[in-house]
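Each chain, letter by letter, is given below.
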Amino acid sequence: MLALLGNFTFETQDNGFQDIKEKLSFKYAEHEKALGFRSDEKIGKYSEEFELSGTLILQKTDSLENLKQLGKDGEPVLLVFGSGHAYWVTIRDMEVDSSRFLNTGEALKRKFKVTLKRYYYEQSVFSKIFSAF
């Protein structure tokens, strides 16, 4: 298993991803000072995004349907990598590019890209979730 996103499993052979991008964004406010100088002030917390992309070849057309449904639901889901790292994320964007079609209209090759944004629970909510375990 490469990773688990909610109830969707990325496997190394069938529907795995080839690339992972991680992006950290830091928030700053710019202030103008005398003589044209400026200063930066860090405001708020940082945000963290992941982008998973890969190619499916000769897979069933419904192999990405569970992943699409997770995005449509709009709820935070747990992203767990095979290495053991885990993050709560929301699915922000999903692209599927289909090509090389059979006579039946099914695509032989589908590229996908999923953008995830890290989700932070408030401490009180987080403790309620795990107090049940």
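Placed above this text is the structure.
What counts and what doesn't
- Residues numbered from 1 in each chain as written.
- Predicted model: local features only at pLDDT ≥ 70, side-chain atom pairs only at ≥ 80, totals over all residues.
- Heavy atoms only, no water.
- Helix = DSSP H or I, 4+ residues; strand = E, 2+ residues; numbered from the N terminus.
- Contact = heavy atoms within 4.5 Å.
- Areas by Shrake-Rupley, 256 points an atom, 1.4 Å probe, with all protein chains shown as cover.
- Buried < 20%, exposed > 50% of the residue type's maximum accessible area, 1.4 Å probe, protein only.
- Pairing = 2+ DSSP bridges.
- Phe/Tyr/Trp six-rings, centres within 6.5 Å; stacked < 30°, edge-to-face > 60°.
- Core = buried A, V, L, I, M, F, W, Y, C linked by side-chain atoms within 4.5 Å.

Visitor: In this structure, what is going on with the overall build of the protein? I would like to understand it.
Guide: Along the backbone of the protein there are two helices and nine strands. Helices and strands appear in the protein in the N-to-C order β-β-β-β-β-β-α-β-β-β-α. Counting only contacts in the protein whose residues sit at least 6 apart along the sequence, the fraction spanning at least 24 positions is 60%. Entry remark: accessible area of the protein is about 9300 Å², with carbon and sulfur atoms responsible for 49%.

Visitor: What exactly am I supposed to notice about the pairing of strand S6 (residues 47-57) here?
Guide: Where a strand is regular, its side chains alternate between the two sheet faces. When you tally the buried positions in S6, you get eight out of 11 residues, the bulk of the element. Where strand S3 (residues 19-25) and S6 come together, seven bridges link them in antiparallel fashion. By the bridge assignment, Lys21 is partnered in S6 with Glu51.

Visitor: How should I be thinking about the packing of aromatic side chains in this particular structure?
Guide: We describe a pair of aromatic rings using the distance from one ring centre to the other and the angle between the two ring planes. Per the counting criterion, the structure on display carries seven aromatic pairs. Plain terms: the ring middles of Phe8 and Phe10 are 5.0 Å apart, the flat faces sit at 75° to each other, and that makes the pair edge-to-face. The class of Phe8 is buried, set by a relative accessible area of 4%. Taking the centre distance of 5.1 Å and the plane angle of 75° together, the rings of Phe10 and Phe17 count as edge-to-face. A connected cluster of aromatic rings, assembled from ring pairs, spans Phe8, Phe10, Phe17 and Phe112.

Visitor: What exactly am I supposed to notice about unusual backbone geometry here?
Guide: Across residues other than glycine, the phi torsion is negative in most instances, and most of the peptide bonds are trans. We note that Leu35 has phi near 65°; this positive angle belongs to a residue other than glycine. On the secondary structure map, Leu35 appears in the loop between strand S4 (28-32) and strand S5 (38-42). At Arg100, a residue that is not glycine, the phi angle is positive and equals roughly 55°. Looking at the element boundaries, Arg100 is found in strand S8 (residues 86-101).

Visitor: Quick question: what am I supposed to make of the pairing of strand S9 (residues 107-118) here?
Guide: With nine bridges joining them, S6 and S9 adopt antiparallel strand pairing. Within S9, the residue paired with Glu49 across the bridge is Lys117. Pairing of S8 with S9 involves 11 bridges; the strand directions are antiparallel. Its bridge partner lying in S9, Ser98 is registered against Arg110. From the end of S8 to the start of S9, which pair antiparallel, there are five residues, and Gly105 there has a positive phi angle of about 95°.

Visitor: What is the right way to read the nonpolar core from this model?
Guide: When a protein is soluble and globular, its nonpolar side chains tend to lie buried together. Of all hydrophobic cores here, the largest spans 20 residues; its most connected members are Leu5, Phe10, Leu67, Leu79, Val89 and Leu116. Counting only elements with at least two residues in this core, the list comes to strand S1 (3-5), strand S2 (8-10), S6, helix H1 (65-73), strand S7 (77-81), S8 and S9. In this view, Val89 contacts Leu5, Phe50, Glu75, Pro76, Val77, Leu79, Leu116, Lys117, Arg118 and Tyr119; residues no more than four positions away in its chain are not counted.

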